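Listed here are the chains, written in short residue letters.
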Protein chains: 2
Amino acid sequence: MKVWGLCFIGFGNVGQGLARILVREEENLFSHFGFRFKTIAVVTKSKGSRVDPNGLSLSKLLDEINHDQILGPCTITPEETVCLPEVDIVIDVTPTNLKSGEPGLSVTKKALQRGRHVVTSNKGPASLALKDLLKIASEHKSKYRFEGTVLSGTPAINLARESMAGCHITEVQGIVNGTTNYILTRMEEGLEYDDALKEAQALGYAEANPEGDVDGWDAAVKVQIIASVFMGKYISLKDISRVGISGLKRKDIEKALSQNERIKLVAKIVQNSGQIFASVAPVSLPFSHPLSGVNGATNAITLTTDNLKDVTIIGPGAGREETGQALLSDIISIVTH
Amino acid sequence: MKVWGLCFIGFGNVGQGLARILVREEENLFSHFGFRFKTIAVVTKSKGSRVDPNGLSLSKLLDEINHDQILGPCTITPEETVCLPEVDIVIDVTPTNLKSGEPGLSVTKKALQRGRHVVTSNKGPASLALKDLLKIASEHKSKYRFEGTVLSGTPAINLARESMAGCHITEVQGIVNGTTNYILTRMEEGLEYDDALKEAQALGYAEANPEGDVDGWDAAVKVQIIASVFMGKYISLKDISRVGISGLKRKDIEKALSQNERIKLVAKIVQNSGQIFASVAPVSLPFSHPLSGVNGATNAITLTTDNLKDVTIIGPGAGREETGQALLSDIISIVTH
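Now for a quick tour of the structure. Note that the structure is a prediction, hence the values are computed from the model and not measured.

Reading the values: rules and limits
- Residues numbered from 1 in each chain as written.
- Chains lettered and ligands numbered in written order.
- Predicted model: local features only at pLDDT ≥ 70, side-chain atom pairs only at ≥ 80, totals over all residues.
- Heavy atoms only, no water.
- Buried < 20%, exposed > 50% of the residue type's maximum accessible area, 1.4 Å probe, protein only.
- Helix = DSSP H or I, 4+ residues; strand = E, 2+ residues; numbered from the N terminus.
- Pairing = 2+ DSSP bridges.
- Right-handed = clockwise from strand over helix to strand, strands pointing away.
- Core = buried A, V, L, I, M, F, W, Y, C linked by side-chain atoms within 4.5 Å.
- Contact = heavy atoms within 4.5 Å.
- Arc of directions from axis to C-beta.
- Expected span 1.5 Å × (residues − 1).
- Bend = angle between axes of the 7 residues up to and from the residue.
- Polar contact = N/O pair within 3.5 Å; in protein donor to acceptor, adjacent residues only side chain to side chain.
- Buried area = accessible area lost by both parts, 1.4 Å probe.
- Salt bridge = Lys/Arg side-chain N within 4 Å of Asp/Glu carboxyl O.
- Nonpolar A, V, L, I, M, F, W, Y, C, P; charged D, E, K, R; others polar.
- Least-squares fit on C-alpha atoms with pLDDT ≥ 70 in both.
- Phe/Tyr/Trp six-rings, centres within 6.5 Å; stacked < 30°, edge-to-face > 60°.
- Lys NZ or Arg CZ within 6 Å of the ring centre and 35° of its normal.

For a regular strand, side-chain orientation follows a simple rule: the groups alternate between the two sheet faces. Residue and element names in this part refer to chain B. Most of strand 2 (residues 36–43) sits inside the fold, with 6 of its 8 residues counted as buried. Direction of pairing for strand 1 (residues 3–9) relative to strand 2: parallel, over a ladder of 7 bridges. Bridge pairing links Ile 9 to Val 43 in strand 2. Viewed along the sheet, the connection from strand 1 through helix 1 (residues 13–33) into strand 2 turns out right-handed. Inspection of the sheet shows strand 2 paired to strand 3 (residues 49–56) by 4 bridges, in the antiparallel sense. Looking across to strand 3, one finds that Val 42 is bridged to Arg 50.

In structure tokens:
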């Protein structure tokens, strides 16, 4: 019976979320999917690292991290770690860096080149180098999986890839950024933009420098990933028409509501005669539109296909365990195929 | 390279829908999933049968059926057909019979016993004998897949099984019958129940004897299938509390609307301390509920799980090609695992 060797590169909120699910579900994962695992290494930047080819205890690691303990001295680089012979699946949960993709990009390349599978929620490598990474994976019979980069925990890539296998996707519309959707929902409830943003920052949804969310960069990166995975088209960020929500006033929101519409930051990709038109922009959607009722930090995506006209999935757009669940579904997909 | 031998038992709307997709997507299915197929046999009750171990032309068959031609004399029974050595996957698209499960049940059992995989949209065998069929399949290393029995083409089973693998489902709420949802939508638009039903019958959504839909039997069967697949609980139809929509008046619908609610026929399953509570009943849902905005012949299901709180999928609830797409996703799942 194969015992799959796991290696965490990074161990922040998402990594810990996955680790908690793995601890809680260990027996169920075996009985349902025949999946047995050993945690070979956890490598972090600020909390040290620990490696044991015989397997580490994830619950002990979680406990130590919760008590702010350092895991151990970093005697081995991330690139060396993923090459350990016991490692089968690398979990890249390093922070997203949209400029360089590092440190995730180098680790991911090295792992795939050595035939290790990689699962990730890190949007940097997927945004900057998806075509390359998939090519390397294909050449080395490894798999690169990144469900957690699009709708956090809510399945989008695996929905299209597996559950809707055989459909051609011609159009995608989505609410793919929970922070801006939370701000827009609070503006509907009476706040002005600045106050809604401050509240989102206080709740940890928005960062101190909120541009990545409110100017539509995060949504644009997701558009990039969606276009490549769903439609096989690799587009760069500058080819995506992008308007954020920071110019919206409460009176715009109210005007839409008075016309039975809601303003949403909509990521949209249309494929027409082999050409791709991609945009992120505030759009006023009638109440009857399935995306119009998606409120708060929830995400949703509507896939228009040939065999199934419109399929919409709505689910959590953020959260530690939710994104951990996306990584788990990728791991199970690798293990069972 | 494996060429998968297919065998259609029945060749009505859904079977023809799948056949059209297979013809149209043949090259894409090969390039995306490495899936090559040969159609070994098509066996029907009223249009005759045709068998060729070297492979039949599906487009020619579709053309003949469209011109009301008889395929050929039935020299071989469905049970004999599925045992032909060239057959790998049996497509059971015989009509649903909730009393005996026949003719689908016997064919399905025989096929699984002989190690053939079965994909189906026929709710009869799944309602009457799912536990048995899955046991037979497991004993003979064959697979029994029935995505098309729940939300027609919209993925529900494969969403939970693959895309949300690792989640425990604790509660399911759904709009799982397109006919009743169409009638309720038309009543909101001003029709009385009897007129909305007549319209649904004229459009082919409702049958001449509409009890299966309007009294909630169809929804109850789907509740059965959902409980068994999602929660591992096999319940009989009599254990499902069931109220249909035939007692609803337009004034009930209007009253709900005046309170910002919509009446929907909701299938619900709650798991609590290992016990299952299952029901089908009209429920008044506030506009903010994700199922409230699901109109017309659309289906939807909300899965409440441990790792992902609420995930809702909304999509087409009927249609030939849509249900054919569900069968195709099951075939691809078998072929790629």
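By size, the foremost hydrophobic cluster in this structure holds 144 residues, and its most contacted members are Phe230(A) and Phe230(B). Excluding residues within four positions of it along the chain, Phe230(B) makes contact with Ala156(B), Ile157(B), Ala160(B), Ile169(B), Val172(B), Ile301(B) and Leu303(B).

Residue and element names in this part refer to chain B. Within the span of helix 4 (residues 104–113), buried status applies to Gly 104, Leu 105, Val 107, Thr 108, Ala 111 and Leu 112. Buried positions in helix 4, seen along its axis, are confined to an arc of 165° and lie on one side of it. Its buried side turned inward, helix 4 meets strand 1, helix 3 (78–82), strand 4 (89–92), strand 5 (117–120), helix 5 (123–139) and strand 6 (144–145). Backbone geometry just after helix 4 places Gly 115 at a positive phi near 80°.

Another point: helix 5 of chain B. Residues and elements named next belong to chain B. Between its first and last C-alpha, helix 5 extends 22 Å over 17 residues, near the 24 Å set by a 1.5 Å rise per residue. Along helix 5, the sharpest kink reaches roughly 95°, centred on Ala 129. Residues of helix 5 that are buried: Lys 123, Gly 124, Pro 125, Ala 126, Ser 127, Ala 129, Leu 130, Leu 133, Ile 136 and Ala 137. Each element contacted by the buried residues of helix 5 is listed here: strand 4, helix 4, strand 6 and helix 10 (217–231). Measuring from the side-chain oxygen of the N-cap residue of helix 5 to the backbone nitrogen of Gly 124 gives 2.9 Å; that N-cap residue is Asn 122.

Often, the extent of an interface is quoted as the loss of accessible area on bringing the components together. Between chain A and chain B, the contact holds 38 residues from the first and 38 residues from the second. Both faces combined, the contact of chain A with chain B buries some 2,800 Å², and carbon together with sulfur accounts for 56% of it. At the junction of chain A with chain B, the criterion picks out 0 salt bridges. Linking chain A with chain B are 19 residue pairs in polar contact (both at pLDDT 80 or more), by the criterion used here. Within the residue set of the side of chain A that touches chain B, elements represented by two or more residues are helix 1 (13–33), helix 6 (157–163), strand 12 (310–316) and helix 12 (320–336) of chain A. In terms of residue class, the side of chain A that touches chain B is built from 15 nonpolar, 14 polar and 9 charged. Where strand 12 of chain A lies against strand 12 (residues 310–316) of chain B, 3 bridges are found, and the strand directions are antiparallel. Within strand 12 of chain B, the position partnered with Ile313(A) by the bridge is Ile313(B).

Here we come to the sheet that holds strand 11 (residues 298–305) of chain A. Here 12 strands make up an open sheet; going across it, the order is 8(A)-10(A)-9(A)-7(A)-11(A)-12(A)-12(B)-11(B)-7(B)-9(B)-10(B)-8(B) and the pairing mixed. Every interior strand has two partners, whereas the edge strands, strand 8 (241–242) of chain A together with strand 8 (241–242) of chain B, have only one. Pairing of strand 7 (residues 169–175) of chain A with strand 9 (residues 261–272) of chain A involves 4 bridges; the strand directions are antiparallel. Bridge pairing in strand 9 of chain A links Gln173(A) to Lys268(A).

It is worth spelling out the relation of the copies chain A and chain B at this point. Each copy superposes on the other: chain A lies on chain B with an RMSD of 0.1 Å after a rotation of 180° and an axial shift of 0.0 Å. The superposition operator between the copies reduces to a two-fold rotation axis. Here 100% of the interface residues in chain A have copies in chain B that are interface residues too; the copies meet face to matching face.

This part covers the packing of aromatic side chains. Here a ring pair, both rings aromatic, is described through the centre-centre distance and the interplanar angle of the planes. Per the stated rule, a full pass over the model turns up 8 aromatic pairs over all chains. For the ring pair Phe35(B) and Phe37(B), a centre distance of 5.5 Å and an interplane angle of 25° mean the geometry is stacked. Per residue, the accessibility class of Phe35(B) equals that of Phe37(B), and both read buried. The ring of Phe30(A) has Arg36(A) sitting right over it, with the charged end atom 3.9 Å from the ring centre. Between the NZ or CZ atom of Arg262(A) and the centre of the ring of Phe287(A), over which it lies, the distance is 4.5 Å.

What follows concerns the pairing of strand 5 of chain B. Residue and element names in this part refer to chain B. Both faces of strand 5 are covered, namely the face carrying His 117 and Val 119 and the face carrying Val 118 and Thr 120. Looking at chain direction, strand 4 and strand 5 are connected through 4 bridges and run parallel. If you follow Ile 89 over to strand 5, its bridge partner there is His 117. Where strand 5 lies against strand 6, 2 bridges are found, and the strand directions are parallel. Counterpart to Val 118 in the pairing with strand 6 is Tyr 144. Once you follow strand 5 into helix 5 and on to strand 6, the crossover reads as right-handed.

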